[in-house]
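# Notes for the structure review
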Amino acid sequence: MSETILEVDNINCAYDNVPVIFGVSFEVKEKELVAIVGANGAGKSTIMKTIAGLVHPKKGAIKYKGKDISHLPANMILRRGISYIPEGRRLFAKLTVVENLELGAYIENDRGEIEKRKKEILKLFPILEERRKQIAETLSGGEQQMLSIARGLMSKPELLMLDELSLGLMPSLVESVMETIVRIKQQGTTILMVEQKVQEALEIANRGYVIQTGKIVQAGSSQELLNSDEVKKAYLGM
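Just so you know, these numbers come straight off a predicted model, no measurement behind them.

### What about the overall build of the protein chain?
- Broken down by element type, the protein chain carries 10 helices and 10 strands.
- Taken over C-alpha atoms, the radius of gyration comes to 17 Å for the protein chain, in line with the 18 Å a tight globule of 238 residues would show.
- With respect to the three principal axes, the spread of C-alpha positions in the protein chain is 45 × 40 × 40 Å.
- Per-residue burial over the protein chain gives 50% buried out of 238 residues.
- Long-range contacts, defined here as pairs at least 24 residues apart, represent 66% of the contacts in the protein chain between residues at least 6 apart.
- One finds the centroid of the 32 positive side-chain charges in the protein chain at a distance of 3 Å from the centroid of its 31 negative side-chain charges.

As structure tokens, this is what we get:
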């Protein structure tokens, strides 16, 4: 039985004292791919930012490997082994592919280790190997998304958090991004993703949680959620 690596317990979050997350609880087990799905504005990204230390919960706790990380700063959370890939890619636009990757490993001081990771990651993303000297802002949308994932992997996270990866991508690119996520999971990385493309996310996840207006309204295995009448009606247009 896999151990629980992340435990979110009854958290409330607010922006400028306006509540957006209400009593949210969920868990992620080691080597699992868990999807939090729901419409735009449901609070998915706020949950991710809270785990990543960019927002702190007003109530409740977040535990990672049994230790409370609820109020740690973002750089400390990264050092614990959690890498957050935010919505909207946030690349260093004027730097090359390789320079972006190296910045993803800023917490690692061993040059040999950085080179080793770079090699492994470029093998996982052949398109980035081809574009290694290209300036990030000149890449296509799909390539930029691949680079943001690759940069997140450079810190060698145990838990990779992916925020709305499909945003702004054409359907064929969404498919190749999802295939990449599956490959990363197969290599042993635990993944938590939030996504408004409900079907695409649940098709690759082990388990899922459905969020509506800041509350989790349904949870279960991916198959259970894909078969649920409520999910079909609300998100799959069926």
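The structure having been displayed, the exposition proceeds.
### What to know about the packing of aromatic side chains
- In this structure the tally under the stated criterion is one aromatic pair.
- A centroid spacing of 5.5 Å and a plane angle of 50° characterise the contact between F26 and Y209, whose relative ring orientation is tilted. Placement of the pair is F26 in strand 2 (residues 18-29) and Y209 in strand 9 (residues 207-212), with a sequence separation of 183 residues. Y209 shares its class with F26; the two are buried.

### Observations regarding the packing of helix 3 (residues 97-104) against helix 6 (residues 141-153)
- At a closest axis distance of 7 Å, the pairing of helix 3 and helix 6 adopts a crossing angle of 35°. In the packing of helix 3 onto helix 6, the handedness of the crossing is right-handed. Across the interface between the two elements, V97, N100, L101 and G104 from helix 3 touch L147, A150 and R151 from helix 6.

### Re the sheet that holds strand 5 (residues 67-68)
- Judged by pairing direction, the sheet is antiparallel, and its four strands sit side by side in the order 2-1-4-5 without closing on themselves. Looking at the sheet topology across the chains shown, the edges are occupied by strand 2 and strand 5.
- Here strand 4 (residues 59-64) pairs with strand 5 via two bridges, running antiparallel. Counted as the bridge partner of K63 is D68 from strand 5.

### Some thoughts on the sheet that holds strand 9
- Within the open sheet, the six strands sit side by side as 6-7-8-3-9-10. Their pairing is mixed. In this open sheet, the two strands that pair with only one neighbour each are strand 6 (82-85) and strand 10 (215-221). Sheet twist, expressed as the mean angle between neighbouring strand axes with direction ignored, is 15°.
- Pairing of strand 6 with strand 7 (residues 159-163) involves four bridges; the strand directions are parallel. Its bridge partner being in strand 7, Y84 is matched across the sheet by M161.

### What to know about the pairing of strand 4
- Bridge count for strand 1 (residues 4-15) against strand 4 is five bridges, and the pairing is antiparallel. Across the sheet, residue E7 finds its bridge partner in strand 4, namely K63.
- The hairpin turn running from strand 4 into strand 5, its antiparallel successor, is two residues long, and K65 in that turn takes a positive phi close to 50°.

### A short note on the packing of helix 3 against helix 4 (residues 111-124)
- For the pair helix 3 and helix 4, the least separation of the axes is 10 Å and the interaxial angle reads 125°. On the basis of their axis angle, the class for helix 3 and helix 4 is oblique. Handedness of the crossing formed by helix 3 with helix 4: right-handed. Across from V98, L101 and E102 in helix 3, the residues of helix 4 making contact are R111, E115, K118, I121 and L122.
- When grouped by side-chain class, the residues that make up the contact of helix 3 with helix 4 number four nonpolar, no polar and four charged.

What counts, and where the lines are drawn
Residues numbered from 1 in each chain as written. Predicted model: local features only at pLDDT ≥ 70, side-chain atom pairs only at ≥ 80, totals over all residues. Heavy atoms only, no water. Helix = DSSP H or I, 4+ residues; strand = E, 2+ residues; numbered from the N terminus. Rg over C-alpha atoms; globule rule 2.2 N^0.38 Å. Buried < 20%, exposed > 50% of the residue type's maximum accessible area, 1.4 Å probe, protein only. Contact = heavy atoms within 4.5 Å. Lys, Arg positive; Asp, Glu negative; His and termini not counted. Charge placed at Lys NZ, Arg CZ, Asp CG, Glu CD. Phe/Tyr/Trp six-rings, centres within 6.5 Å; stacked < 30°, edge-to-face > 60°. Axes fitted to C-alpha atoms, helices over the stretch in contact; angles between N-to-C directions. Left-handed = near helix turned anticlockwise from the far one by under 90°. Pairing = 2+ DSSP bridges. Parallel < 35°, antiparallel > 145°, perpendicular 65-115°, else oblique. Nonpolar A, V, L, I, M, F, W, Y, C, P; charged D, E, K, R; others polar.

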